[in-house]
Amino acid sequence: MDLPPAIPPLPIPPVERRVEEVQPPRAVEPPPPAPAPPEPPRAAVIQNPDWLRRPSGEDIARYYPDRALRMGVEGRATLSCTVTTNGGLEGCGVVGESPEDQDFGAAALRMSRLFKMRPMTRDGAPVSGGTVRIPIRFVLPRG
């Protein structure tokens, strides 16, 4: 039996060993901060209100704080209110009163329903949302 001819083994190329340099981990930079959300539109502040109705001197006398009246104290209060589409006021709050211990702010809040102004308009239609500041002086009746 004839043996097949012997085939010499193929040469094996030498294995090249590569040593890769290990890089230290890079610091990961935080992503840039997200832009701030846009501010919501602020309500317009009405500088020169066009009043259709304001409390009269008799109204102010009727709402005058009892204690202040008995003590002969005059005072003032300032309200900040939102104007509705029909010119009424809502969401009123006292932003200042003097003297603080005589209830002039509470009296002014009770009187706020007596105010009515011409509302702001946009494209000819009344809109709500304007803010108005109302200073009110409480003066003792002269008699």
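Summary of the structure given here. (Residues numbered from 1 in each chain as written. Predicted model: local features only at pLDDT ≥ 70, side-chain atom pairs only at ≥ 80, totals over all residues. Heavy atoms only, no water.)

1. As for helix H3 (residues 104-111)
Those residues of H3 that sit buried are Phe-104, Gly-105, Ala-107, Ala-108 and Met-111. On an axial view of H3, the arc spanned by its buried residues comes to 160 degrees, and they lie on one face. Those residues of H3 hidden inside the fold are in contact with helix H1 (57-63), helix H2 (66-71), strand E2 (75-83), strand E3 (89-98) and strand E7 (131-138). (Buried < 20%, exposed > 50% of the residue type's maximum accessible area, 1.4 Å probe, protein only. Helix = DSSP H or I, 4+ residues; strand = E, 2+ residues; numbered from the N terminus. Arc of directions from axis to C-beta. Contact = heavy atoms within 4.5 Å.)

2. Brief notes about the side chain of Gln-102
Tracing the backbone through its elements, the reader meets Gln-102 in the loop between E3 and H3. A distance of 3.5 Å separates the side chain of Gln-102 from the side chain of Asp-101, its partner in a polar contact. Those residues within four positions of Gln-102 in sequence are excluded, and the remaining contacts are Pro-65, Arg-67, Ala-68, Met-71 and Val-73. (Polar contact = N/O pair within 3.5 Å; in protein donor to acceptor, adjacent residues only side chain to side chain.)

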